[in-house]
There are 2 protein chains.
Amino acid sequence: MTASSASRQKTTPKLTQSPTWKALKDERAAWKNIHLRDLFAHDKKRNARYSLALDDADETFLLDYSKNLIRPQTLKLLLKLAKEAKVEALRDAMFSGEKINHTEGRAVLHTALRGKTPVQVDGYDVMPDIGAVLERMRVFADRVRTGKWKGYSGKPISDVVNIGIGGSDLGPAMACLALKPYGGNIRAHFVSNVDPSQLVDTLEDLDPATTLFIVASKTFTTQETLLNAQAARAWFLDTAKDPQQVAKHFVAVSTNAEAVAAFGIDTANMFGFWDWVGGRYSLWSAIGLPIALYIGMDAFEELLAGGHDLDTHFKEAPLDQNMPVLMALIGLWYTNFWDAQAYAVLPYEQRLARFPAYLQQLDMESSGKGITRDGKPVTCATGPVLFGEPGTNGQHAFYQLIHQGTALIPCDFIAGRESHNDVNGQHAVLLSNFLAQTEALMRGKTLLEVQKELTAEGRKPAEIKALAPHKVFPGNRPTNSLLYRRLTPRTLGRLIALYEHKVFVQGVLWNVNSYDQWGVELGKQLAKVILPELHGGKPGNHDSSTLGLIQRILGD
Amino acid sequence: MTASSASRQKTTPKLTQSPTWKALKDERAAWKNIHLRDLFAHDKKRNARYSLALDDADETFLLDYSKNLIRPQTLKLLLKLAKEAKVEALRDAMFSGEKINHTEGRAVLHTALRGKTPVQVDGYDVMPDIGAVLERMRVFADRVRTGKWKGYSGKPISDVVNIGIGGSDLGPAMACLALKPYGGNIRAHFVSNVDPSQLVDTLEDLDPATTLFIVASKTFTTQETLLNAQAARAWFLDTAKDPQQVAKHFVAVSTNAEAVAAFGIDTANMFGFWDWVGGRYSLWSAIGLPIALYIGMDAFEELLAGGHDLDTHFKEAPLDQNMPVLMALIGLWYTNFWDAQAYAVLPYEQRLARFPAYLQQLDMESSGKGITRDGKPVTCATGPVLFGEPGTNGQHAFYQLIHQGTALIPCDFIAGRESHNDVNGQHAVLLSNFLAQTEALMRGKTLLEVQKELTAEGRKPAEIKALAPHKVFPGNRPTNSLLYRRLTPRTLGRLIALYEHKVFVQGVLWNVNSYDQWGVELGKQLAKVILPELHGGKPGNHDSSTLGLIQRILGD
């Protein structure tokens, strides 16, 4: 336990017993008769009051949070909560390399990976090591991208297959799709699931002579990753025959030199990272190697710069002008005072299709906790379920529930002012939908408005009476709008870091450790017990359901 | 309003005021001190009692629902609720072609698309028309698949691009991925989002001379689909030049012959469907054309047969032996008595990656309603948020929250006994994870167990005290296990129809119309108002947030 977290325990009362929490309960009760439509009607400057921009010469990065169920006194109380939870002190502790991941005794320094100033961990400045790995990544990426790196038959690399899972997969896969316009002549593929079909389907059209595999596993023991890597190696050797050639087609992102060498990889092509880089925060590290190979190292460094932009904002902006702080507070407001168990992230850009899946790990693995930092059960709800699909697709799928369902689903709408490749005026249509949805969710449509519309359509009174209730939209459904100029590497870096810091702030407020993930251990442990039983071993000590399923699988 | 729904109103008391509902509330209160671990310990046959199989010679289709928070009296009450809601009568009304989609005055007959017996709508048997379209699909698919259908330059078709959105996209896209092992020599692609990037990225590697577009829009007016179709047509003509050739590369799934012909499509290649096929139930109709082109018409008819298997089961099995009925009741139990707002569908097969996204539309668009069939506000929660990612990927992403978070997230675990292409023994590893997760979620790990483990690892008492609470798993977290033999077209048909009927039963219980989607209208309406403003038109009457965002987009 670190000094700052210990001192915090002494001085911070239990969150849900604080007067501020109680005042927020009262504030919530007051909201029963308030409609956003009226708030907007009575305050023409509401959007200016509740918008924040991170602007420079050619970028737009705007958060409009005015379509939320907040008013001045709401925000005042939420900000008070943040002050009382010592968000600023904990934030500074994170940036300075304190071991805030106390259950694993680790610092949390993904910000250093995109940083510019020295940071000490255990009295040792981490920046030179970071710089050295970045430099090695640059040299390697350049060699592969320019064709200087040759495969066993002398041909250059055309396809990179990243084998990794969780944080070693979701970030790079999301980013490569998002940054397709920056892609060069190398295609990027991702294999994660231990289901052999994913590897088989990926390799189907690839040529062993021009394929490079990145095996991404810090310990080089991750079950899924190692099995897929072995299968990929076998596929490669099926054609290449000579195990000596493995080194020309496999590299590793790992710190386990012995295992990497035993696999046949030249440890000169092993890229390391550190225990202060959590899996779900690792795309900024050597785990980002497939991104660097795909978009080039200059663009990768632009991504880092975007993350750094948000770090600076998070560190320097006062709480009431701080994007991640406000997003976190508003999220907590819905989770804890409006009983919202889910929230939607809705990027309108198709290339951000995997952004929600990426955020699922970032948010749900960080905030899906039931125990406070000091080992007590939490006394309120913590992390919500995060879900989402790209813009207009979601409109034709699940938006019905967001508009007319019974649960409150707060949403983040995300779009770019410009497209990399507008066709047929479609980008404006995309944006008209992006805008219309937040407007519709906020305003809704009243019974009177529906009745007028149906009357104007010439419907009969009986028909109107029967149909009208179904066409009413309650409105008052909260959304954030995030608007950027264009989906550049820098913008993507900003977006990711914005959510990282949002998650950090919520962890501080709920007083949970956002950086461990003990909840993934039990399943792994039990799977190890079951595996030999699927190979005909003696049935173990399971419940009748698990036993029955095993028998059914074995065909007994 | 149909006769049966009218009579139902008279005789059915408000759901939440019924004695059964109240008894379920008491039953829920009794569950405060019950742990599944103990129920399994005290009843070695719990799995047999709470499992159902749909078996024949070479298939396995098993639902094990024993790891749910149920005991005999729970199920008894839930089944009583189903009886009282007249699930059987409404089910029969659906199958017989009654207009149960009363707000749109339509029958709901996706079951007829895979059926074998005459069904009358407005005194007219729909089966001959269905058969005729299936026959035309067969002829067309055979011509394309065998290369008899030629493009403008005389080459056969290598790539099919389906342009559609919502139900005209999610089902075919999901099914083509799921049934990859049945794919032939034609590749299938899907474009849905109005974001032009999706079309641009899809067409990048395609050859206009060998690409066939399916434009799927019943009315041929869906904004996203028509814009993408026009852009695709322009891309095609850029190479082919002659508009007469459009007919060789574009076909339609639509009923608007005039618009289809105006686009340049030969109406002989227009495949129709009917107003009793809802978008999210349409993959069984001509909307399934890309599936038929991809896997062939014989395999497509196997998919239909799988759906029909579940129809027969749903119609014939008594309620307490009826898979979709039990899944619906258990789902309602969590939604309404355990306040679960989200549920997870977790297919372990990578090729089912898009099954959750498909189910999002099926479930959330059907059950995301706030108004009963008779136009009154519902008095309980309705449809939950559905989310999911394939098996072991999810384990490394969001399972943390399911294991140790504060909300109860019921989960469906789905896996096949066999793989189409096992490699390296990985399928057994996949299954060991599938099994271990439901076991872990059910059992959990107690503080005592954690303390023992940490002691055995040689940890110091102080360390154990600090760490142990974080490593405790509460368990008692409910799951269904769905096990099938292999992901064949027939199995996929069964899976889809199982969820369709589950959603149907929940709609009956909540007394909502599962077949309309008025909640998608307002956004469309407002988008039409905003679009001209993005092209420099006079700013309309919007709230300050929407106005501000429009100005920002325009760069003012």
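Just so you know, these numbers come straight off a predicted model, no measurement behind them.

> Outline the pattern of salt bridges, supporting the account with residue identities and numerical values.
All names here are of chain B. In this structure the tally under the stated criterion is 59 salt bridges over all chains. The partner of arginine 494 in a salt bridge is aspartate 309, with the nearest N and O atoms 2.8 Å apart. Here arginine 494 is found in helix 23 (residues 489-510), whereas its partner aspartate 309 is found in helix 15 (residues 297-316), with 185 residues between them in sequence. With respect to class, arginine 494 is no different from aspartate 309; both count as buried. Taking the shortest distance from any N to any O, the salt bridge between glutamate 439 and arginine 443 comes out at 3.9 Å. Here glutamate 439 pairs with arginine 443, and both are found in helix 20 (residues 426-443), just four residues apart, close to one helical turn.

> Please set out the relation of the copies chain B and chain A residue by residue, giving values where relevant.
The two copies are related by a screw operation: chain B maps onto chain A through 180° of rotation and 0.0 Å of translation along the axis, at an RMSD of 0.0 Å. Classification of the inter-copy transformation places it as that of a two-fold axis. Take the interface residues of chain B: 100% of them recur as interface residues in chain A, which is what a same-surface contact looks like.

> Can you lay out the interface of chain B and chain A for me, pointing to particular residues and giving the numbers?
With 140 residues of chain B at the interface, the matching set in chain A holds 140 residues. Summed over both partners, the interface of chain B with chain A comes to about 11,600 Å²; 59% of that surface belongs to carbon and sulfur atoms. Taken together, the links from chain B to chain A amount to nine salt bridges. B:Asp201 is paired through a salt bridge with A:Arg351; the nearest N and O atoms lie 2.8 Å apart.

> Tell me about the sheet that holds strand 6 (residues 187-191) of chain A, and name the residues and values.
By definition, the strands of a sheet pair up through backbone hydrogen bonds, in either a parallel or an antiparallel sense. Residue and element names in this part refer to chain A. Spatially, the five strands line up as an open sheet ordered 6-5-7-8-9, and their pairing is parallel. Only two strands of the sheet have a single partner each, and these edge strands are strand 6 and strand 9 (270-271). Lying on the sheet, helix 11 (residues 223-240) is in contact with strand 5 (159-163), strand 6, strand 7 (211-216) and strand 8 (250-253); it crosses strand 7 at an angle near 160°.

> Give me the lowdown on the sheet that holds strand 6 (residues 187-191) of chain B, citing residues and values where you can.
All names here are of chain B. If you trace the five strands from one edge of the open sheet to the other, you get 6-5-7-8-9, paired in parallel fashion. A single partner strand is all that each edge strand has here, and the edge strands are strand 6 and strand 9 (270-271). Relative to strand 6, strand 5 (residues 159-163) runs parallel, the two being bridged by five bridges. Looking at the pairing, asparagine 162 lines up with phenylalanine 190 of strand 6. Packed onto the sheet, helix 10 (residues 196-203) meets strand 5, strand 6 and strand 7 (211-216) and runs at close to 165° relative to strand 6. Across the sheet, helix 11 (residues 223-240) touches strand 5, strand 6, strand 7 and strand 8 (250-253), and the angle it forms with strand 7 is around 160°.

> Would you mind going over the side chain of A:Asp159 in detail, with residue names and values included?
Residue and element names in this part refer to chain A. By the element assignment, aspartate 159 lies in strand 5. A polar side-chain atom of aspartate 159 sits 2.7 Å from a polar atom in the side chain of serine 158. Within the structure, the side chain of aspartate 159 is placed 2.9 Å from the side chain of arginine 187, a separation counted as a polar contact. For aspartate 159, the contacting residues outside a window of four places in its chain are Arg187, His189, Leu206, Thr210, Thr211 and Leu212.

> An account of the packing of aromatic side chains is needed here, citing residue identities and associated values.
Each aromatic ring pair is characterised by the separation of its centres together with the angle its planes make. As enumerated under the stated definition, the model contains 48 aromatic pairs over all chains in all. Measuring from centroid to centroid gives 5.8 Å for A:Tyr348 and A:Phe434, while their planes differ by 70°, and the two rings are edge-to-face. Of the two residues, A:Tyr348 is situated in the loop between strand 10 (342-347) and helix 17 (355-367) and A:Phe434 in helix 20 (residues 426-443); the sequence distance between them amounts to 86 residues. We note that A:Tyr348, like A:Phe434, is buried. Ring plane angle 65° and centroid distance 5.4 Å describe the contact between B:Phe387 and B:Phe398, whose orientation is recorded as edge-to-face. With B:Phe387 in strand 11 (residues 385-387) and B:Phe398 in the loop between helix 18 (391-395) and helix 19 (399-404), this residue pair connects regions lying eleven residues apart in the sequence. Take B:Phe387 and B:Phe398: they sit in the same class, and that class is buried. These aromatic residues form a ring-pair network of at least three members: A:Tyr152, A:Phe213, A:Phe220, A:Trp235, A:Phe236, A:Phe250 and A:Phe263. Sitting above the plane of the A:Phe271 ring, A:Arg136 keeps its charged end 4.8 Å from the centroid.

The rules we used
- Residues numbered from 1 in each chain as written.
- Chains lettered and ligands numbered in written order.
- Predicted model: local features only at pLDDT ≥ 70, side-chain atom pairs only at ≥ 80, totals over all residues.
- Heavy atoms only, no water.
- Salt bridge = Lys/Arg side-chain N within 4 Å of Asp/Glu carboxyl O.
- Helix = DSSP H or I, 4+ residues; strand = E, 2+ residues; numbered from the N terminus.
- Buried < 20%, exposed > 50% of the residue type's maximum accessible area, 1.4 Å probe, protein only.
- Least-squares fit on C-alpha atoms with pLDDT ≥ 70 in both.
- Contact = heavy atoms within 4.5 Å.
- Buried area = accessible area lost by both parts, 1.4 Å probe.
- Pairing = 2+ DSSP bridges.
- Axes fitted to C-alpha atoms, helices over the stretch in contact; angles between N-to-C directions.
- Polar contact = N/O pair within 3.5 Å; in protein donor to acceptor, adjacent residues only side chain to side chain.
- Phe/Tyr/Trp six-rings, centres within 6.5 Å; stacked < 30°, edge-to-face > 60°.
- Lys NZ or Arg CZ within 6 Å of the ring centre and 35° of its normal.

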